[in-house]
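# Structure assessment
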Amino acid sequence: MMNKYWLTVTACTLAITANAQQKALTVKDYERAESFMSYNTAKYIDNASVQPNWLDGDKFWYTTKTNGIEQTFLVDPIKKTKTLTTDYKGSATPSRRGASRNEVLSPDGKKAILIKDYNLFVKDVATGKLTQLTTDGIKDYGYATDNAGWKHSDAPILRWSPDSKRIATFQQDQRNSKDMYLVTTNVGAPVLKAWKYPLPGDKQIATIRRVVIDVENAKMVSLNIPADQHRATLSDDISSSGTFDDIDWKADGTEMAFLSTSRDHKNEKFRIANTTTGAVREVFEETVKTQYESGQGAINWRYLPGSKEIIWYSERDNWGHLYLYDATNGKLKNQITKGDFVVTRLIKVDEKTRTLYFMGNGREKGNPYFSHLYKIGFDGKNLALLTPEEGNHQVAFSPSFEYFVDTYSQPDVPAVTVLRSINGKLINTLEKTDVSRLTATGWKAPTPVSVKAKDGKTDIYGLVFTPTKMDAGQKYPVIDYIYPGPQGGSVGSWSFAASRGDNQALAELGFIVVVIEGTSNPDRSKSFHDMSYGNMAENTLPDQIAAIRQLSAKYPIDTTKVGIWGHSGGGFATAAAMFRYPDFFKVGISESGNHDNRNYEDDWGERYNGLVENADYEAQANQNYAKNLKGKLMLVHGMMDDNVPPYNTLLVVEALEKANKSFDLVIFPNSAHGYGEYSPYMTRRRWDYFVQHLLGAEPPKDYQMKGPSTR
């Protein structure tokens, strides 16, 4: 009997070994997958982009590549010509001469502002002479300080007046804000890193005392209002637009309009300051139930002192639209844009013709994320579509605003770049991106898809990546790449891209990869964006599950083998998926997740979740559900992450250990939120993890990635 038993065991072992060998992936398999990364696909794309370098008379030149050979063209919109030239070889767009990275140059280019010892100085660009502008700045109460919790550079936050004579800025009070700590890993004593990082629910957060400084006379005027909360309308920083947000100057610098945002982002006060006296006039305010935002990727309000009017952005009718206000009395004159579409970016206000130019989403049939350029009168009449072709349009305007370069594409349709006059009339077709050489390598584009959200009614959109070579009759494990927002989404740009991270690379290893924009993401209606307000732990996960189930009817998806991964908010969502839906999601990789938003900077959570006293942060914290883990989970974090501090992941680690759950942990001792030089390593570990635990195959041991990761 014993011999028979051992013969049976041996036979089984041999069968298992043979099966494992059949499923082993080779170095060549990984090399093929890596060939789909952007650093390998870019060289096969011809006529990929047009970056106009504008010259006098609205002429411009641009450089493009065909078969690796650069060509430069000069375009004359008046003559409607495009001419091959060598005149601009090696030229580049002029940089901001006279100002270093941590200085802000004046519009006339003659002066630059910098911070020194918590105070502001103006530098004469020509001579380098420094003149001190403020004297009472101290540690944690300095001028123009840049600190959004996750962002703390030495560059000053300020807005120059158009005449280069004044600046609008603030003295930021962080004296009572809590510190965040990180510790380096090195031989010898570690170095403690400490900086101000308020958290949701903290009694004291950073505030800003608004000031205007007459730079020429080194005279400061304090605005006659209490200090504002460190808040803005575009995102969780007061310089998300690249300069001091929510400021609009009168041309002569005598007036400055600005917004004061409440801590919970529910109230906006529109104010106009007299910059000579510091007197502030309240014009109007808007209060919303969830959170106010001034646009998608751009601040859309404007102060028009010439006509004493205000262009205002509001989602009061459930869509992001523009409104015209009287600046003298704060009364609404009329709604400008109307309809079931969203104004994403106000591009230009032509006060002379009383015309607005803006990017909008969702007005045209098809994908609601495709942006088009429109114009409309202040009175809401004569709405005109200026970019009619289907696709996502990106525009660049000439200095005179008489012409614009329009590049349009779709995720699966390469770009076409044309030149148009400001009325939308086509002047020239400049370039058509050619991917024939790329296609010849075996590459293929992802497939755009539309499915229903969890509610069974709402249309949601995404991309599906399948292996370029598929076996008939075979079902494939599915990997869900997720970034739940709510300030962004999983897909990112809806323009054409030959590579989107490692989505296609993963597909080549034997998976179907899906990227789904769930509800609660921006660029749609207000109600769509607010679907998970107050409960960010939802993370669009019910939509993701519904989408995968629907897609399995069309694609050969094995719904018993579902993986998920994401970074930052996607890391939060991945762990939530593994803990809250453990019977659906089997393998997860959670990178740098903000697993408990009480441990992430104050503004983001309080904006999208509400104040701690009004929202149940405890019920949304991932560590409280770690005991539910059934599948394979890898947690990843950089230990010097000053955006999402690593304690977010360590809370989950501790909970898993207390629950006696097995899991995998990858840490990068000296990495920040992104993994920098370790990104290729992380990409390889991600591939290995899904290959091993979702595909049930053996990866090649310690494969060496050949190029930089795009993550």
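Just above sits the structure.
Okay, so let's go over this structure. Quantities reported herein were computed from a predicted structural model and do not represent experimental measurements.

Attention shifts here to the overall build of the chain. Scanning the chain from N- to C-terminus turns up 12 helices and 40 strands. Radius of gyration (C-alpha) of the chain: 28 Å, near the 27 Å computed for a compact globule of 711 residues. Taking all 711 residues of the chain together, 56% fall into the buried category. In the chain, the share of contacts with a sequence separation of at least 24, taken over all contacts with a separation of at least 6, comes to 59%. When the accessible surface of the chain is totalled, it reaches about 30500 Å², and 50% of it is carbon and sulfur. Positive and negative side-chain charges in the chain, numbering 85 and 84 respectively, have mean positions lying 2 Å apart.

Before going further, it helps to spend a moment on the side chain of Thr-387. If you trace the backbone, Thr-387 turns up in the loop between β28 (384-385) and β29 (392-397). Under the relative-accessibility criterion, Thr-387 is labelled buried at 0%. A polar atom in the side chain of Thr-387 sits 2.9 Å from the backbone nitrogen of Leu-373. Leave out the neighbours within four places in its chain, and Thr-387 touches His-372, Leu-373, His-393, Phe-404, Asp-406 and Arg-420.

It is worth spelling out the sheet that holds strand β1 (residues 53-54) at this point. Strand order in the open sheet formed by four strands is β1-β2-β3-β4, and the pairing between neighbours is antiparallel. At either end of the open sheet lies a strand with only one pairing partner, and these are β1 and β4 (81-85). For strand β3 (residues 69-76) and β4, the ladder comprises five bridges, and the chain directions are antiparallel. By the bridge assignment, Phe-73 is partnered in β4 with Leu-84.

Bringing helix α7 (residues 541-551) into the picture now. α7 sits mainly inside the fold: nine of its 11 residues count as buried. Among all positions in α7, only Leu-541, Pro-542, Asp-543, Gln-544, Ile-545, Ala-546, Ala-547, Ile-548 and Leu-551 are buried. Looking at the buried side of α7, the elements it contacts are β33 (447-452), β34 (459-465), β35 (476-481), β36 (512-517), β37 (557-567) and α8 (569-580).

Overall, antiparallel pairing links the four strands, which are arranged β5-β6-β7-β8 in an open sheet. With partners counted over all chains shown, the strands left at the sheet margins are β5 (104-105) and β8 (130-132), one partner each. Across six bridges, the pairing between strand β6 (residues 111-116) and strand β7 (residues 119-124) is antiparallel. Across the sheet, residue Ile-113 finds its bridge partner in β7, namely Val-122.

Extensive coverage of strand β39 (residues 632-638) is indicated by the burial of six of its seven residues. Direction of pairing for strand β38 (residues 587-591) relative to β39: parallel, over a ladder of five bridges. Bridging across to β39, Glu-591 finds its partner in Val-636. When β39 meets strand β40 (residues 664-668), the two strands line up parallel, connected through five bridges. Note on β40: the bridge partner recorded for His-637 is Ile-667. Considered for its hand, the β-α-β crossover made up of β39, helix α11 (residues 647-658) and β40 is right-handed.

On the surface, a cluster of nonpolar side chains totalling about 440 Å² of accessible area is made up of Tyr-181, Val-183, Leu-192, Tyr-647 and Leu-650. Only β12 (179-183) and α11 provide two or more residues apiece to the nonpolar patch. Relative to the elements of secondary structure, Tyr-647 occurs in helix α11.

Leu-509, Phe-511, Leu-551, Phe-579, Trp-687 and Phe-690 are the most contacted members of the largest nonpolar core, which totals 76 residues. Top contributing element to this core by residue count: α8, with six residues. With residues near it in sequence (within four places) discarded, Phe-579 still touches Asn-622, Tyr-625, Ala-626, Asn-628, Leu-629, Leu-633, Val-652 and Leu-656. Core analysis: the second largest hydrophobic core is formed by 34 residues, Leu-259, Tyr-325, Ala-327 and Leu-356 among them.

All right, on to the pairing of strand β19 (residues 267-274) then. Among the eight residues in β19, six count as buried, and that is most of the element. Pairing between strand β18 (residues 255-261) and β19: seven bridges, direction antiparallel. By the bridge assignment for β19, Leu-259 is matched with Phe-270. Linking β18 back to β19 in an antiparallel pair, the connection comprises five residues, with His-265 at a positive phi of about 65°. Bridging between β19 and strand β20 (residues 280-287) involves seven bridges; their strand directions are antiparallel. Residue Phe-270 lies in a different strand from β20, and its bridge partner there is Phe-284. The antiparallel pairing of β19 with β20 creates a hairpin that spans five residues between the two strands, and Gly-278 there sits at a positive phi of about 90°.

Okay, the packing of aromatic side chains next. A ring pair, where both rings are aromatic, is described by two values, the distance of the centres and the angle of the planes. Using the criterion set out here, one finds 30 aromatic pairs in the structure. An angle of 70° between the planes, with centres 5.6 Å apart, marks the rings of Tyr-30 and Trp-687 as edge-to-face. Pair noted here: Tyr-30 is in helix α2 (residues 27-34) and Trp-687 is in helix α12 (residues 679-693), with a separation of 657 residues, a long-range link. With respect to class, Tyr-30 is no different from Trp-687; both count as buried. A connected cluster of aromatic rings, assembled from ring pairs, spans Phe-270, Phe-284, Tyr-292, Trp-301, Trp-312 and Tyr-325. One cation-aromatic arrangement involves Lys-116 over Phe-121; the distance from NZ or CZ to the ring centre is 5.6 Å.

Before going further, it helps to spend a moment on the pattern of salt bridges. Counting across every chain of the model gives 38 salt bridges. Salt-bridge contacts for Asp-140 lead to Lys-139; the nearest nitrogen and oxygen are separated by 3.7 Å. Under the relative-accessibility criterion, Lys-139 is labelled exposed at 55%. Note that Asp-173 is salt-bridged to Arg-175, the shortest N-O span being 2.9 Å. The exposure class of Arg-175 is partly exposed, given its relative accessible area of 42%. Each of Arg-231, Arg-263, Asp-602, Asp-603 and Glu-606 takes part in salt bridges that share partners, so that together they form one network.

Right, let's talk about the side chain of Asn-609 for a bit. Inspection of the secondary structure assignment puts Asn-609 in the loop between α9 (602-608) and α10 (617-620). A distance of 3.4 Å separates a polar side-chain atom of Asn-609 from the backbone nitrogen of Asn-535. Every residue in contact with Asn-609, bar those within four places of it in the chain, is listed here: Tyr-533, Gly-534, Asn-535, Met-536, Ala-615, Tyr-617 and Gln-620.

Our next topic: α11. Relative to the 16 Å expected for 12 residues at 1.5 Å per residue, α11 spans 16 Å between its end C-alpha atoms, a close match to the ideal helical length. Taken residue by residue, α11 has Asn-648, Thr-649, Val-652, Val-653, Ala-655 and Leu-656 as its buried positions. For α11, the buried positions fall inside an angular range of 165° around the axis, keeping them on one side. In α11, the exposed positions that point more than 90 degrees away from the buried face belong to Glu-657 and Lys-658. Looking at the buried side of α11, the elements it contacts are α8, β39 and β40. The positive-phi residue at the C-terminal boundary of α11 is Asn-660, with phi of around 60°.

Moving on, we get to the environment of Tyr-533. Looking at where Tyr-533 falls in the secondary structure, it is placed in the loop between α6 (526-529) and α7. A residue is classified by how much of its surface remains accessible, and Tyr-533, at 23% relative accessible area, is partly exposed. Only 2.6 Å separates the side chain of Tyr-533 from the side chain of Lys-266, close enough to count as a polar contact.

Criteria and cut-off values
- Residues numbered from 1 in each chain as written.
- Predicted model: local features only at pLDDT ≥ 70, side-chain atom pairs only at ≥ 80, totals over all residues.
- Heavy atoms only, no water.
- Helix = DSSP H or I, 4+ residues; strand = E, 2+ residues; numbered from the N terminus.
- Rg over C-alpha atoms; globule rule 2.2 N^0.38 Å.
- Buried < 20%, exposed > 50% of the residue type's maximum accessible area, 1.4 Å probe, protein only.
- Contact = heavy atoms within 4.5 Å.
- Areas by Shrake-Rupley, 256 points an atom, 1.4 Å probe, with all protein chains shown as cover.
- Lys, Arg positive; Asp, Glu negative; His and termini not counted.
- Charge placed at Lys NZ, Arg CZ, Asp CG, Glu CD.
- Polar contact = N/O pair within 3.5 Å; in protein donor to acceptor, adjacent residues only side chain to side chain.
- Pairing = 2+ DSSP bridges.
- Right-handed = clockwise from strand over helix to strand, strands pointing away.
- Patch = residues over 30% accessible without salt bridge, like charges linked within 9 Å, V, L, I, M, F, W, Y side chains within 5 Å.
- Salt bridge = Lys/Arg side-chain N within 4 Å of Asp/Glu carboxyl O.
- Core = buried A, V, L, I, M, F, W, Y, C linked by side-chain atoms within 4.5 Å.
- Phe/Tyr/Trp six-rings, centres within 6.5 Å; stacked < 30°, edge-to-face > 60°.
- Lys NZ or Arg CZ within 6 Å of the ring centre and 35° of its normal.
- Expected span 1.5 Å × (residues − 1).
- Arc of directions from axis to C-beta.

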